[in-house]
Structures are given as C-alpha cells and as structure tokens.
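What follows is the residue order along each chain.
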Amino acid sequence: MAANGLLTVSDLDAGYGDLQILDSVDLDVDDGEYVTIVGPNGAGKSTVMKTVFGLTTYMGGSVEFDGEEISGLRPDQIIRKGVGYVPQSNNVFGSLSVRENLEMGAYILDSIPAERIQAVYDRFPVLEERAGQTAGSMSGGQQQMVAMGRALMLDPDLLLLDEPSAGLAPDLVDDLFDRVDQINDDGTAILMVEQNAKEALRRCDRGYVLVQGQNRHEDSGEALLADQQVREDFLGG
C-alpha cells in the first residue's frame, strides 16, 4: 500500500444478515485517486460501497480510512471522518427543496457554511437556479446533481458513487462523467461503481473487476480496457 493511501480494504467479508456477499475483497484508493469497480450484475459491487459506508453486515477483514479502522462504525460516524456517499437510487429527499437537500448534507454541523452551499452552486449552476424547487420534481440528471452536491457539502476526502449514470438519458451520461472528472481534478478521491464499464475505465486511474463477491482483476483503467480476457468476459468484447 502506498504511503498516500486513503482507503484500504483488506480481506473483507460482508453481506446482509446471514447472507455473505463479499469474500476476501481487497482494494485501495490513494489520496486524490479515481478508482472504479466494474463486473457483472450481482458481483457485489454495490455491497463494497455500502460496507465502506457502514450499511451492511460486517463479517471480517479490515476497512481503514486515513489510517484508522472504520469497520463497525455507523454511517454518521464515517461521514465525520471525511467520506461522502451517493447511493444508486432514492438518493434525494423528494419533498424538500434543492437548498434543503444540500443543507441536509451538512446536518452534523451546528450551522450551514454559506461558502459550502456556494461551492456546490458553482459546481452545479442549475441547482442555484432551482434552489427553491422540490427535488422530487426534477429530472433524473438534476436529481443526481442534487445527490452529489449534498454529498459534497462537507468537502469529503473520498466520494463514493454507486452507479451514478443509472437511469440517465444517454446524452446526460457524458456530462455526468465530466462532472465526476472535475470533482476528482479538484482533489477529491473517487471510488465509483458503474454499469457503463468502458467509459468508467477510460476515465479512471485504476479499476477492479469483481465477480461473485471476489477480486478477479486489478489494473489501470487503460490496461483493463486493453485486456482481451476482461473485454470478452465483462465488457462485451
């Protein structure tokens, strides 16, 4: 593990109740790095994200963030460590306004810093234009911006993105990936699960291929795209 390691997952076993999904999974994310997890449906990709964020049944192994063991911590404790999480679905408070959704992202603070709200508006200008609109009345792409903006309110060191392009119209997918690129370029490390595997691997620094809850491949995104076996097995040739 590199000296600038931010997240280190070692020999991780996890699942839901008595059902084990992950079996000895290893992965790591360095400071400022952009890492993608791909693999077939049911491989356990989202379970990795949820386990890092404290939302599954932890069964063994280690999850370290910034040198500190966080397995067994609650999500609200993990947020305080510097981790943001955007789930795949049901990721906005539909009856609340855009601004109220963003404020919910900083609920652990005594007061909402105006500069944090403005930083999110600067990144997603449409959210400032529609600050008073209920999030549930927005398009899928705009809701995803609300969810990402809320997760960025505490300026996390690591942002977990679970299938951010799911359900988006094709013309919005590139825009979303561009925004993720920019968040990463500005210094936030990214760990992303993504169904659009080829595009995700083109853009990320490194990728992991997960199959049946286990590591199958790890390499740079570029190398995984060029690997004939990976292409045939997981990327449609």
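In the block above lies the structure referred to throughout.
Numbers given for residues are sequential positions, taken from 1 along each chain in its written order. Since the coordinates come from a predicted model, pLDDT governs what is reported: local features require at least 70, and pairs of side-chain atoms require 80 or more to be given and counted, while whole-chain, interface and lining totals use all residues. Note that the side-chain values use all heavy atoms of the structure and ignore hydrogens as well as water.

A. View of the overall build of the chain. Broken down by element type, the chain carries 10 helices and 10 strands. All radius of gyration figures rest on C-alpha atoms, and the globule criterion is 2.2 Å times the number of residues raised to 0.38. Taken over the C-alpha trace, the chain has a radius of gyration of 17 Å; the compact-globule value for 237 residues is 18 Å, and the two agree within 12%. Summarising its shape, the C-alpha atoms of the chain cover approximately 50 × 40 × 35 Å along the three principal directions. Between buried and exposed lies partly exposed: a residue is buried under 20% and exposed over 50% of the maximum accessible area for its type, with that area taken using a 1.4 Å probe on protein chains only. Within the span of the chain, comprising 237 residues, buried residues form 48% of the whole. The contact definition used throughout considers only heavy atoms, calling two residues in contact when any of these lie within 4.5 Å. Residue pairs in contact within the chain that sit at least 24 positions apart in sequence constitute 67% of those at least 6 positions apart. When the accessible surface of the chain is totalled, it reaches about 10,600 Å², and 42% of it is carbon and sulfur. Counted charges follow a simple rule, with Lys and Arg positive, Asp and Glu negative, and His plus the chain ends left uncounted. For charged residues, the charge sits on one atom: NZ in Lys, CZ in Arg, CG in Asp, CD in Glu. Charge-centre separation for the chain: the mean point of 17 positive side chains lies 5 Å from the mean point of 41 negative side chains. What counts as a helix is a DSSP run of H or I of at least four residues, what counts as a strand is a run of E of at least two, and both are numbered from the N terminus. Using a 1.4 Å probe, the Shrake-Rupley method yields the accessible areas, and only the shown protein chains count as cover for residues.

B. The packing of helix α6 (residues 140–151) against helix α7 (residues 170–185), seen in detail. The interhelical angle for the contact between α6 and α7, taken along N-to-C directions, is 15 degrees, at an axis separation of 11 Å. When the axis of α6 is compared with that of α7, the two are roughly parallel. Crossing geometry of α6 relative to α7 is assigned as right-handed. Mapping the contact onto sequence places Gly141, Gln144, Met145 and Met148 in α6 and Leu172, Asp175, Leu176, Arg179, Val180 and Ile183 in α7. Only the stretch in contact is used when a helix axis is fitted, and all axes are lines through C-alpha atoms; the angle between N-to-C directions ranges over 0 to 180 degrees. An angle below 35 degrees is read as roughly parallel, one above 145 as roughly antiparallel, one from 65 to 115 as roughly perpendicular, and any other as oblique. Note on convention: the crossing is left-handed when the near helix lies turned anticlockwise from the far helix by less than a right angle, right-handed when the turn is clockwise.

C. Spatial organisation of the sheet that holds strand β6 (residues 83–86). By this definition, two strands are paired if DSSP reports at least two bridges between them. Across the sheet, which stays open at both edges, the 6 strands sit in the order β6-β7-β8-β3-β9-β10 with mixed pairing between neighbours. Across the chains shown, the open sheet's two edge strands, defined by having one partner strand only, are β6 and β10 (214–220). With direction set aside, neighbouring strand axes in the sheet form an average angle of 15 degrees. As judged from the 6 bridges shared by strand β9 (residues 206–211) and β10, these two strands associate in the antiparallel manner. Bridged to valine 209 within β10 is histidine 217. Across the sheet, α6 is in contact with β6 and β7 (158–162); its angle to β6 comes to roughly 165 degrees.

D. Region of the structure containing unusual backbone geometry. Positive phi outside glycine occurs at aspartate 11, with the angle close to 55 degrees. Mapped onto the fold, aspartate 11 is located in strand β1 (residues 5–16). Aspartate 11 sits in the partly exposed class, given a relative accessible area of 45%. Phi is positive for aspartate 66, close to 55 degrees, though the residue is something other than glycine. By secondary structure assignment, the location of aspartate 66 is in the loop between β4 (57–65) and β5 (68–69).

E. View of helix α4 (residues 114–123). Burial in α4 covers these residues: Ile117, Val120 and Tyr121. Along α4, the residues classed as buried sweep out an arc of 100 degrees about the axis, all on the same side. For α4, the exposed residues set more than 90 degrees away from the buried face come down to Glu115 and Asp122. Taken from the helix axis, the directions to the C-beta atoms give the arc we talk about.

F. Seen up close, the nonpolar core. Residues Phe124, Leu127, Met148, Leu159, Leu161 and Ile190 are the most contacted members of the largest nonpolar core, which totals 43 residues. Each residue touching phenylalanine 124, except ones within four places of it in the same chain, is listed here: Met145, Met148, Gly149, Leu152, Arg179 and Ile183. Leu12, Leu22, Leu27 and Leu191 belong to the second largest nonpolar core, which has 29 residues in total. Take the buried residues of types Ala, Val, Leu, Ile, Met, Phe, Trp, Tyr and Cys, join any two whose side-chain atoms come within 4.5 Å, and each joined set is a nonpolar core.

G. View of the sheet that holds β4. In spatial order, the strands read β2-β1-β4-β5; together these 4 strands make up an open sheet with antiparallel pairing. Looking along the sheet, the strands with just one partner apiece sit at the ends: β2 (19–30) and β5.

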